[in-house]
Amino acid sequence: MEYPFLAKQDKMIHDALLGEERREAEGLELIPSENYVSRPVLEALGSVFTNKYSEGYPGKRYYGGQTYTDVVETLAIERAKELFRCSYVNVQPLSGAPANIGTYFALLEPGDTVLGMDLTHGGHLTHGHPVTAITKIFNFVRYKMKEVETGEIDYDEMLKVAKKEKPKLILAGFSAYSRELDYEKFVAIGREVGALVMADIAHIAGLIAGGVAKNPFEAGFDLMTTTTHKTLRGPRGGMIMVREDEEIAKKIDKTIFPGLQGGPHMNNIAAKAVAFGEALQPSFKVYAEQILKNAKAMERVLEERGVRMIGGGTSNHLILADVFGSLNIGGAEAEAVLDEVGITVNKNVIADDIRKPMNPSGIRFGTPAMTTRGFTEEDSARVAHLMIDAMEHKDDAIKKKEIHTEIQTLAKHHPIPETFV
Ligand SMILES: *Cc1c(COP(=O)(O)O)cnc(C)c1O
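Each chain carries its own residue numbering, running from 1 in the direction its sequence is written. Local features in this predicted model are restricted to residues whose pLDDT is 70 or higher, and side-chain atom pairs enter the listing and the counts only when it is 80 or higher, whereas totals over whole chains, interfaces and linings include all residues. Only heavy atoms go into the side-chain values, all of them from the structure, while hydrogens and water stay out.

Focus: the domain arrangement of the protein chain
Boundaries between domains were set according to an automatic or database domain assignment. When cut into domains, the protein chain gives domain 1 (43-279) and domain 2 (290-413). Centre-to-centre, using C-alpha coordinates, domain 1 lies 29 Å away from domain 2. When domain 1 packs against domain 2, close to 1,700 Å² is buried across both sides, 52% of that on carbon and sulfur atoms. What gets called buried area is simply the loss in accessible area from a 1.4 Å probe that two parts show on being joined, summed for both. Three residues, Val148, Ser178 and Arg179, lead the burial of domain 1 against domain 2; their summed loss comes to 31% of the area buried on that side. One speaks of a salt bridge when a side-chain nitrogen belonging to Lys or Arg is within 4 Å of a carboxyl oxygen belonging to Asp or Glu. Our count for the contact surface shared by domain 1 and domain 2 stands at two salt bridges.

Comments concerning the pairing of strand 5 (residues 113-117)
Accessibility here uses a 1.4 Å probe with only protein chains present; expressed as a share of the type maximum, an area under 20% marks a residue as buried, one over 50% as exposed, and anything in between as partly exposed. By the criteria applied, helices consist of DSSP H or I runs no shorter than four residues and strands consist of E runs no shorter than two, each listed in order from the N terminus. With respect to burial, strand 5 is a largely interior element, five of its five residues being buried. Should DSSP find at least two bridges between two strands, the strands are taken to pair. Pairing of strand 5 with strand 6 (residues 139-143) involves five bridges; the strand directions are parallel. Looking at strand 6, one finds that Gly116 is bridged to Arg142. Where strand 5 meets strand 7 (residues 169-173), two bridges bridge the pair, whose relative direction is parallel. In the sheet register, Val114 faces strand 7, and the bridge partner there is Leu169.

Overview of the packing of helix 5 (residues 96-107) against helix 9 (residues 246-260)
Describing two packed helices takes the angle between their axes plus the distance from one axis to the other. Remark: helix 5 packs on helix 9, axes separated minimally by 9 Å, with the N-to-C direction vectors making an angle of 115°. Here the hand of the crossing between helix 5 and helix 9 comes out right-handed. Residues Pro98, Ile101, Gly102, Thr103, Phe105, Ala106 and Leu107 of helix 5 form the contact with helix 9, whose own contacting residues are Ile248, Lys251, Ile252, Thr255, Ile256 and Leu260. The classification used treats Ala, Val, Leu, Ile, Met, Phe, Trp, Tyr, Cys and Pro as nonpolar, Asp, Glu, Lys and Arg as charged, and all other residues, Gly among them, as polar. Looking at side-chain class alone, the contact of helix 5 with helix 9 contains nine nonpolar, three polar and one charged residues. A fitted line through C-alpha atoms serves as each axis, taken over the contacting stretch for helices, and the angle formed by two N-to-C directions is quoted from 0 to 180°. Less than a right angle of anticlockwise turn of the near helix away from the far helix marks a crossing as left-handed, whereas a clockwise turn marks it as right-handed. Whether two residues touch is decided by their heavy atoms; if any such pair falls within 4.5 Å, the residues are in contact.

Let's talk about the layout of surface pockets
Its volume calculated, the largest pocket comes out at about 960 Å³. Both cavities and pockets are sets of points on a 1 Å grid over the protein atoms alone; in a cavity a 1.4 Å probe fits but cannot get out, in a pocket the set is open with protein on both sides within 12 Å along at least five of seven lines, and lining residues sit with an atom within 4 Å of a point. If you go around the largest pocket, you meet 33 residues; those closest to its centre are Glu24, Tyr36, Val37, Leu42 and Ile416. Secondary structure elements with two or more residues in the lining of the largest pocket: helix 2 (11-26), strand 1 (28-29), helix 3 (39-45) and helix 16 (397-413). The element that contributes the greatest number of residues to the lining of the largest pocket is helix 2, accounting for seven residues. Of the residues assigned to the lining of the largest pocket, the class counts are 14 nonpolar, seven polar and twelve charged. Mapped onto the domain boundaries, the lining of the largest pocket takes at least three residues apiece from domain 1 (43-279) and domain 2 (290-413). Grid points are joined across faces, edges and corners, and a volume is the space filled by probe spheres set on the points.

Some details on the pairing of strand 10 (residues 238-242)
Most of strand 10 is tucked away: five of the five residues are buried. The two faces of strand 10 match: Gly238, Ile240 and Val242 on one face and Met239 and Met241 on the other face are all buried. As paired elements, strand 9 (residues 223-227) and strand 10 share five bridges and run antiparallel to each other. Bridging from a neighbouring strand, Met224 pairs with Met241 of strand 10.

A closer look at the environment of Ala273
Within the secondary structure, Ala273 is located in helix 10 (residues 266-279). For Ala273, a relative accessible area of 5% translates into the label buried. Sequence-wise, Ala273 and His414 are 141 residues apart; in three dimensions their C-alpha atoms are separated by 27 Å. Once you skip the residues sitting within four places of it in the chain, Ala273 turns out to touch Val72, Leu75, Ala76 and Arg79.

Section: the site of the ligand
Neighbouring residues of the ligand: 14 residues in total, closest Ser95, Gly96, Ala97, Asp200 and Lys230. In this structure, Ala97 approaches the ligand through a main-chain N or O atom, which is 2.8 Å from an oxygen atom. The leading source of residues in the shell around the ligand is helix 5, at three residues. Residues that form the shell around the ligand fall into these classes: three nonpolar, nine polar and two charged. When we say a residue is near a molecule or strand, we mean one of its heavy atoms is within 4 Å of it. For this analysis, a polar contact is any N or O atom pair within 3.5 Å, provided that within protein one partner can donate a hydrogen and the other can accept it, and provided that sequence-adjacent residues contribute only side-chain to side-chain pairs.

Concerning a nonpolar patch on the surface
Distance thresholds for patches are 9 Å for like charges and 5 Å for nonpolar side chains (Val, Leu, Ile, Met, Phe, Trp, Tyr), applied to residues having over 30% relative accessible area and no salt bridge. Each accessible area is a Shrake-Rupley estimate made with a 1.4 Å probe; only the visible protein chains count as cover when residues are assessed. The grouping of Tyr53, Tyr62 and Tyr63 at the surface amounts to a nonpolar patch, some 390 Å² of accessible area in total. Position of Tyr53 among the secondary structure elements: in the loop between helix 3 and strand 2 (56-57). Classification of Tyr53 by relative accessible area gives partly exposed; the value is 46%.

Observations regarding the packing of aromatic side chains
Centres within 6.5 Å are what make two rings of Phe, Tyr or Trp a pair, Trp counting through its six-membered ring; a difference in plane orientation under 30 degrees is then read as stacked, over 60 as edge-to-face, and the rest as tilted. Applying the stated rule across the entire model yields eleven aromatic pairs. Aromatic pair Phe105 and Phe138: ring centres 5.4 Å apart, planes at 70°, arrangement edge-to-face. Here Phe105 is found in helix 5, whereas its partner Phe138 is found in the loop between strand 5 and strand 6, with 33 residues between them in sequence. A relative accessible area of 3% places Phe138 in the buried class. Aromatic ring contacts, followed pair by pair, group Tyr143, Tyr155, Tyr183, Phe186 and Phe221 into a single cluster. Placement of a charge over a ring requires the Lys NZ or Arg CZ to be within 6 Å of the ring centre, with the centre-to-atom vector within 35 degrees of the ring normal. In this arrangement the basic side chain of Arg233 is found over the ring face of Tyr287, its NZ or CZ atom lying 3.9 Å from the centre.

Focus: the pattern of salt bridges
Throughout the structure, instances matching the rule amount to 22 salt bridges. The salt bridge involving Arg85 is made with Glu218; its shortest N-O contact spans 2.8 Å. Of this pair, Arg85 sits in the loop between helix 4 (67-84) and strand 4 (88-90) while Glu218 sits in the loop between helix 8 (205-209) and strand 9, placing them 133 residues apart in sequence. What makes Arg85 partly exposed here is its relative accessible area of 49%. Linking Lys185 and Asp182 is a salt bridge whose minimum nitrogen-to-oxygen distance equals 3.4 Å. You can call Asp182 partly exposed: its relative accessible area is 24%. One salt-bridge network, held together by shared partners, links Arg61, Asp70 and Glu73.

And the structure:
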């Protein structure tokens, strides 16, 4: 892209920007939480809406001059309601973590208990990892998978823990889990112990919006949080959705502003509205379907070549592979070797990992970004083969060079699209 003003005024930032553009175009992005946004989303993000203070909500602001900010925030809300089929949406959370923290403060008192997925079994930092500040205020307890080989959650244990610990909130959601959850069971357990039930759909929002993953609201979940920049393919940001309870929605709005945040980032909200508009198009459904097909194509190759997958495979956009157990390479080393051949993944702990988090047994990768670039199942299978080849030949510089060349060719044949509709 051209940035004539930046080029003239600030060469250092301009050079870094062009470098990042090149890096994204030439490499293969397999981190399952990343994606490429459209040019219309980038245009909204880089717009004059960043100049405006809009504390409050549409129609109820603390500053004047809100004619156009009200238009974009209202559009973002209405489009999100249509996408996720719910009654109330707050599009102001600055990212996924603040959205989750906002719901905790809105719905809980200090000392209250939250039941969420164990972090080493796929849960997210914001679901109560001891390093996060939020654990000083709320008490987090855990459920886990019953069987690592199938990925099934231990719902009996979950009910037992819920009865014992009496959580006020039960969380369904993950960042490193490759199967569908049984949302009806979560709701049943929540109702039995009198807890609200919340889904953090940060990773799978695009799959739900595209109709290829179940919508927790249909099972009766009370609320959902999400990021907008993962499979949903919007700008970096967060969002909170409430199925139907107006009291909960009011508490959420008050907690986000003025409780936790000041002025909303209106350029970002405009970009969210653009991305939601894209996700409402039929082409997004095709995109979501292809994400799953590509993940399945990669799963088949791993299975064929004897690489163990946590959960036994995938039903969504991501795979968590036990590379240490299968290929005798640590997660950190695998990440570095794949980087060398132009493939970006991340090291990841696996369930009950015997190794340390800085060099765990697993790597996590997924198909949302490469699917945006138009990779087919055949391409995806080829990438899976090349990944395993690279890890098997981690000390063979010539082989790695060959693989790198093939990856660069694949990337070149699939330029990042400018628009999606
Ligand atoms: C990514 C993620 C978040 C946090 O989002 P940020 O935008 O990085 O703050 C929260 N929950 C889950 C499940 C996630 O995957």
